[in-house]
Amino acid sequence: MKEYADFITEEDRMMIASIRDFVKEEILPIRQQLDEDEDRRLVHGVLDGLASLGMHKRGLPEALGGMRASAISLTVGYEEVSRADCGIAMTLSVPPWVFGPAMRSHNERVMQELCPQYCGDTFVEACQAMTEPEGGCNIESAEYRGKAIHTRARLDGDEWVINGAKQFPSGASVADVYLVTCTTDPELAEEGIALIYVPADTPGLSFSKPENKMGMRFTDVNASIYLDDVRVPKDYRASMEPGKDHQSFRNFLSWGRLSSAAFAVGAAQGALDIALEFTGQRYYDGKQVRQHGLQAAMLADMMIGVESARFYYLTVASMFNNRKVYGSPYSDAQIASASGAKIYACDMAVRVCNMAMELTGSYGYMKDYHIEKYLRDCKIIQLWEGGGQLGRIDVARGRYEMVPYV
Ligand SMILES: Cc1cc2nc3c(=O)[nH]c(=O)nc-3n(C[C@H](O)[C@H](O)[C@H](O)COP(=O)(O)OP(=O)(O)OC[C@H]3O[C@@H](n4cnc5c(N)ncnc54)[C@H](O)[C@@H]3O)c2cc1C
């Protein structure tokens, strides 16, 4: 565990040791089958196994049976799971992401009525629904100030009535609780942003068939969500305080991007480990492949990439842990930090998986060698949450005053 240097605590070391055992015994042997597990029986077996280690409760409130976890502890846990399967890590990370806004706003009703099932003995899926058919980046972009959100929430007595559609969210159609990003009025800009919890069995909520994807095929389920006159209690809005849901929205962007960096580093480490082993067992000119200068330099570049991306996300996670000094995760500065860590890690991960495939030749292209799965899975991390383009704009925005373009 030396790769985490002094960032982790003794408790983190114990957590990592138990995940490593689980990964070795329970995930790696069925890794390729997870990719074909259409009924998701194996996927849920793995998620329930991680739940038996307490991984699903980390970041949820202790009062409900959850467990406190620092930003470092959470992200290191995600990296460890991602070394085997970053789609599993993504699905595991959604519940604390979804309940973050209610926790920040001390919304007792949401926490008491919707959260306890997430702290039980088995893993329950959640969904954070932000992206819309008209575009994901426009919704995440600070420049649009919430004005591009088409999903509308109208207060009718003691209920919110929601109409709109969402596209691609993780967990769509299989989650028990949806956190839907809405606007009460686009003219209100940031103050119009409303984060509203919708239980899966609410009338008016429906879904398309799951998407057929290149990677994370069944470990993460994505579908369109339709909201037609969906009614939920007024208290199911994360916060009624003006502007607070906007802060929470920005908050889950930065947490999502930080976690994504950890997923990407885990995937890259997984591909690197395979390349290292393969090149130690294969020979040309009488020497192991990895003993040749050309391949040694490639492996060294891969290691430098993985290590620097890891230290980048760990540094940002340590900044998240110290808000007094670095500010809140929803600040422009911290969104820039998390976006930088994500961009760097994702670009590195795609490159490292590609290099791993080059080092393993046609074997790496075969499903049995897993590298092709790492490559397919980690490509989407690079694209989601605004992708590298919006992420770069957020870095510029957080580091110097960028002229708004809307
Ligand atoms: C496996 C998977 C999991 C996902 N999980 C979730 C989830 O949990 N929740 C959720 O809400 N969504 C989720 N998404 C959706 C994903 O986050 C979005 O697809 C992504 O943010 C990009 O949005 P878009 O596809 O609409 O592309 P667009 O926003 O249409 O962007 C297209 C291109 O234009 C660029 N672009 C567009 N607008 C801007 C801008 N304002 N600034 C800079 N560049 C811009 C983009 O960078 C990109 O290159 C998921 C998608 C997948 C495939």
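Keep in mind that what you see is a predicted model, and the values were worked out from it rather than measured.

*Asks:* An account of helix α12 (residues 371-383) is requested, with residue identities and associated values reported.
*Replies:* Counted at 1.5 Å a residue, the expected span for α12 with its 13 residues is 18 Å, and the 19 Å between its end C-alpha atoms agrees. Counted residue by residue, α12 has 10 buried out of 13 residues, so it is predominantly covered. Taken together, the buried residues of α12 touch α2 (31-34), α5 (86-104), α8 (244-281), α11 (332-365) and α13 (387-399). Phi turns positive, to about 50°, at E385, one or two residues after α12.

*Asks:* Could you give me a rundown of the site of the ligand, with the residues and numbers involved?
*Replies:* The environment of the ligand is formed by 23 residues, the closest being M130, T131, G136, C137 and Q389. Breaking the shell around the ligand down by element, the ones donating at least two residues are β1 (126-129), α7 (137-140) and α13. Tallying contributions element by element places α13 first for the shell around the ligand, with four residues. A breakdown of the residues in the shell around the ligand according to their chemical character gives 10 nonpolar, 11 polar and two charged. Looking at which domains feed residues into the shell around the ligand, each of domain 2 (126-236) and domain 3 (244-399) gives three or more.

*Asks:* How would you summarise the nonpolar core if you had to cite specific residues and measurements?
*Replies:* In terms of nonpolar packing, the biggest core is built from 121 residues, with I196, Y313, A345 and C353 touching the most fellow members. Those residues in contact with A345 that sit more than four places away from it in its chain are A261, A264, V265, A309, Y312 and Y313.

*Asks:* Describe the domain arrangement of the protein chain, naming the residues involved and giving the relevant values.
*Replies:* Domains assigned within the protein chain are domain 1 (2-119), domain 2 (126-236) and domain 3 (244-399). Just the C-alpha atoms count here: the centres of domain 2 and domain 3 sit 28 Å apart. Taken together, the 16 residues of domain 2 in the interface contact 15 residues of domain 3. When contributions to the side of domain 2 that touches domain 3 are tallied by element, the ones reaching two or more residues are α7 and β5 (193-199). For the side of domain 2 that touches domain 3, the element with the most residues is β5, which contributes three residues.

*Asks:* Account for the packing of α8 against helix α9 (residues 293-321), with residues named and values stated.
*Replies:* At a closest axis distance of 10 Å, the pairing of α8 and α9 adopts a crossing angle of 155°. Here α8 lies roughly antiparallel to α9, going by the angle between them. Between α8 and α9 the crossing geometry is left-handed. On α9, the residues that touch L258, A261, A262, V265, A268, Q269, L272, A275, L276 and T279 of α8 are Q295, L299, M302, M303, G305, V306, A309, R310, Y313, V316, A317 and F320. For the contact of α8 with α9, the residue count by class is 17 nonpolar, four polar and one charged.

*Asks:* Give a description of α5 that names residues and reports values.
*Replies:* Taking 1.5 Å per residue, 19 residues should reach 27 Å; α5 reaches 27 Å between its end C-alpha atoms and fits that length. Residue V94 marks the point of greatest curvature in α5, where the axis turns by about 30°; the proline P95 follows within four residues. Most of α5 sits inside the fold, with 17 of its 19 residues counted as buried. Note on α5: the residue one or two positions beyond its end, H106, has a positive phi of about 50°.

*Asks:* Please give an account of the packing of helix α1 (residues 10-27) against helix α3 (residues 41-52) that cites residues and values.
*Replies:* The contact between α1 and α3 brings their axes to 11 Å, and the two run at 155°. Taken together, α1 and α3 sit at an angle that is classed as roughly antiparallel. Judged by the twist between their axes, the crossing of α1 over α3 is right-handed. Residues F22, E26 and I27 of α1 form the contact with α3, whose own contacting residues are V46, G49 and L50.

Cut-offs and rules
- Residues numbered from 1 in each chain as written.
- Predicted model: local features only at pLDDT ≥ 70, side-chain atom pairs only at ≥ 80, totals over all residues.
- Helix = DSSP H or I, 4+ residues; strand = E, 2+ residues; numbered from the N terminus.
- Expected span 1.5 Å × (residues − 1).
- Buried ≥ 20, exposed ≤ 12 C-beta atoms within 10 Å, placed from the backbone.
- Contact = placed C-beta atoms within 7 Å.
- Near = placed C-beta within 6 Å.
- Nonpolar A, V, L, I, M, F, W, Y, C, P; charged D, E, K, R; others polar.
- Domains from an automatic or database assignment.
- Core = buried A, V, L, I, M, F, W, Y, C linked by C-beta atoms within 7 Å.
- Axes fitted to C-alpha atoms, helices over the stretch in contact; angles between N-to-C directions.
- Parallel < 35°, antiparallel > 145°, perpendicular 65-115°, else oblique.
- Left-handed = near helix turned anticlockwise from the far one by under 90°.
- Bend = angle between axes of the 7 residues up to and from the residue.

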